[in-house]
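# Observations on chain architecture
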Amino acid sequence: MSIVVIGAGYAGTVAANRLAKKAPGARITVVNPRAEFVERVRLHEHLAGSGGAVTPLTEMLNPRIRLVVGTVDKIGDGSLLLADGTTLPFEHLVYAAGGAVTAPSGTFAVGGLESAERARAALADLPDGARVTVVGGGLTGIETAAEVAESHPGLRVRLLSEGEVGASLGEGARGRVHRELARLGVAVERGRFDGAVGDADLVLWAIATQVSDLGARSGLAVDADGRVLVDEYLRSVSDPRVLAVGDGAAVPGARLSCQTALPQGAHGADNLARILEGAAPKRYSMGYTGQNVSIGRRSAVIQVARRDDSPTRIWFAGRPAAALKEQVCRLARGAARTATFAWLPAPR
Ligand SMILES: Cc1cc2nc3c(=O)[nH]c(=O)nc-3n(C[C@H](O)[C@H](O)[C@H](O)COP(=O)(O)OP(=O)(O)OC[C@H]3O[C@@H](n4cnc5c(N)ncnc54)[C@H](O)[C@@H]3O)c2cc1C
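In what follows, the accompanying structure is described. Everything numeric here is computed off the predicted structure, so don't read it as measured data.

Let us look at the site of the ligand. With respect to spatial proximity, 34 residues lie near the ligand, and among them Ala 11, Asn 32, Asp 247, Cys 258 and Lys 325 are the closest. One of the backbone nitrogen or oxygen atoms of Ala 11 is found 2.9 Å away from an oxygen atom of the ligand. Lys 325 places a polar side-chain atom, nitrogen or oxygen, 2.5 Å from an oxygen atom of the ligand. For the ligand, the protein covers 89% of the area, taking 1000 Å² as the surface of the free molecule. Sorting the residues of the shell around the ligand by element identifies helix H1 (10-22), strand E2 (27-32), helix H4 (139-151) and helix H7 (258-276) as the ones contributing at least two each. If you tally residues by element for the shell around the ligand, the top one is H7, at three residues.

Quick look at the structure:
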């Protein structure tokens, strides 16, 4: 039985490693554009020069798994066409292609490794007093602005957001984020990026909500954003040989996060292992715990959430929060590697 996993992010890596444990007779292949696992949750650190985000996939994948370094151009009927022209047959497919990185010209996308590396080099060349604009007031924009301001204290950092900064947080946590940004000298401005770089010496695009268009290009049923539509077992509604997990899967109520990608990848793998044994798949169910926002290396804001992901009144911040956030990032990478972890079910 051959299983191919497209993408070695959080969802694809945990799925492949879980299958290596639970589907002993299967040949498992992972296709990924590079031989490294990229911790997207650390790309703002990578960009600012305060941390790294790359681990060789040989250290992440179970030795039973074959890695093909390549990019899938199209998913065909039982085979994949790779960008180098080769084909790869599959009997079952795990679609974990995740996020896509596009940014307006003249700006640097935070959400991709190559663009984050280019931004890191450009930042290093800026003289003191240069202006950096970070576009996007979601958690990625907050983390990026804070990280750059802390790592490059001579730069003038502005966070530009069309909507409210930290809108997904509760009032208390949001207020603390604003105070932390002010402490680091980040100027917060409400407005829409009009495409012109203006007076900024560098613009960082911190809106990381796009997903790969591979599913749509390949004729799988997708939603308006290009996410693969799945049933309650995480199977594609248009091709039952395909399971879709992570950012690229349209799972109702799911937020784009590694907190979501990991349980989806694990559950998708468990269901595939059940199907291979002739057993019935189980419904996917997942409840949230909170949102963690790093504010540089020495602080963070942790918003405790209900299982439906709505913020509670409980939050905390400062050094203990930074330590917890760091642990969460390590645990996420460890969970992808070992494929051993548990999660809460969705609320009734
Ligand atoms: C700066 C930043 C900070 C973040 N912080 C947090 C956080 O604190 N907490 C949190 O929960 N989430 C955070 N996120 C979001 C989180 O990183 C994503 O939701 C998560 O990475 C999704 O995992 P994934 O496996 O679905 O997709 P990805 O991590 O995007 O992985 C997809 C993989 O598929 C590969 N791929 C894509 N197309 C193809 C193709 N055609 N052929 C082969 N391979 C392909 C990609 O190269 C990649 O390796 C952050 C994101 C960013 C950018």
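Continuing now.
On the surface, Phe 316, Leu 324 and Val 328 cluster together into a nonpolar patch covering about 200 Å² of accessible area. Residue position: Val 328 is located in helix H8 (residues 319-338). Relative accessible area serves as the criterion here: at 31%, Val 328 is assigned to the partly exposed category.

Each pair of packed helices gets described by two things: the angle between the helix axes and the distance between those axes. Orientation of H1 relative to H8, taken along the N-to-C sense of each, is 35°, at an axis distance of 6 Å. Across the interface between the two elements, Tyr 10, Thr 13, Val 14, Asn 17 and Lys 21 from H1 touch Ala 332, Arg 333, Ala 335, Ala 336, Arg 337 and Thr 338 from H8. The residue inventory of the contact of H1 with H8, partitioned by class, reads five nonpolar, three polar and three charged.

Moving on to the pattern of salt bridges. Taken as a whole, this structure holds 27 salt bridges when the rule is applied. Asp 199 is the partner of Arg 131 in a salt bridge, and the nearest nitrogen-oxygen pair spans 3.5 Å. With Arg 131 in strand E11 (residues 131-135) and Asp 199 in the loop between strand E13 (187-190) and strand E14 (202-205), this residue pair connects regions lying 68 residues apart in the sequence. Residue Arg 131 is classed as partly exposed on the basis of its relative accessible area of 32%. Here Arg 330 and Glu 326 are joined by a salt bridge, their closest N and O atoms 2.8 Å apart. With Arg 330 and Glu 326 both in helix H8, this residue pair falls four residues apart, about one helical turn.

Moving on to the side chain of Arg 174. Examined against the element boundaries, Arg 174 turns out to sit in helix H5 (residues 171-183). Assessed through its relative accessible area of 15%, Arg 174 is described here as buried. The residues touching Arg 174, leaving out its near neighbours within four places in the chain, are Glu 164, Val 165, Gly 166, Ala 167 and Leu 169.

For the coordinates displayed, the defined rule picks out one cavity of 30 Å³ or more. Looking at the largest cavity, its volume works out to about 50 Å³. In terms of lining, the largest cavity is formed by Arg 40, Ala 100, Val 101, Thr 102, Ala 109, Gly 111, Trp 205, Ile 207, Ala 208 and Gln 210. Class assignment for the residues of the lining of the largest cavity results in six nonpolar, three polar and one charged.

Moving on, we come to the pairing of strand E12 (residues 156-161). Note: E11 against E12, five bridges, orientation parallel. Bridge pairing in E12 links Thr 133 to Arg 158. Handedness of the E11-H4-E12 crossover: right-handed.

The next point concerns H5. Across its 13 residues, H5 extends 18 Å between first and last C-alpha, which sits within 8% of the 18 Å expected from 1.5 Å per residue. Buried within H5 are the following residues: Ala 173, Arg 174, Val 177, Glu 180 and Leu 181. For H5, the buried positions fall inside an angular range of 120° around the axis, keeping them on one side. Across from the buried face of H5, at angles greater than 90 degrees, the exposed residues are Glu 171, Arg 179, Ala 182 and Arg 183.

This part is about the sheet that holds strand E16 (residues 242-244). Spatially, E5-E2-E1-E9-E16 is the arrangement adopted by the five strands of the open sheet, whose pairing is parallel. Edge strands, defined here as strands with exactly one partner in the open sheet, are strand E5 (66-69) and E16. Ignoring which end each strand starts from, the neighbouring axes of this sheet average 20° apart. Inspection of the sheet shows strand E1 (residues 2-6) paired to strand E9 (residues 92-95) by four bridges, in the parallel sense. Opposite Ile 6, over in E9, you have Tyr 95 as the bridge partner. Sheet contacts for H1: E1, E2 and E9; angle to E2, the most-contacted strand, approximately 165°. Against the sheet, H7 engages E1, E9 and E16, with an angle of about 170° to E9.

Reading the values: rules and limits
Residues numbered from 1 in each chain as written. Predicted model: local features only at pLDDT ≥ 70, side-chain atom pairs only at ≥ 80, totals over all residues. Heavy atoms only, no water. Near = heavy atom within 4 Å. Polar contact = N/O pair within 3.5 Å; in protein donor to acceptor, adjacent residues only side chain to side chain. Areas by Shrake-Rupley, 256 points an atom, 1.4 Å probe, with all protein chains shown as cover. Helix = DSSP H or I, 4+ residues; strand = E, 2+ residues; numbered from the N terminus. Patch = residues over 30% accessible without salt bridge, like charges linked within 9 Å, V, L, I, M, F, W, Y side chains within 5 Å. Salt bridge = Lys/Arg side-chain N within 4 Å of Asp/Glu carboxyl O. Buried < 20%, exposed > 50% of the residue type's maximum accessible area, 1.4 Å probe, protein only. Axes fitted to C-alpha atoms, helices over the stretch in contact; angles between N-to-C directions. Contact = heavy atoms within 4.5 Å. Nonpolar A, V, L, I, M, F, W, Y, C, P; charged D, E, K, R; others polar. 1 Å grid on protein atoms, 1.4 Å probe; cavity = no way out; pocket = protein on both sides within 12 Å on 5 of 7 lines; lining within 4 Å. Points joined across faces, edges and corners; volume = space filled by probe spheres on them. Pairing = 2+ DSSP bridges. Right-handed = clockwise from strand over helix to strand, strands pointing away. Expected span 1.5 Å × (residues − 1). Arc of directions from axis to C-beta.

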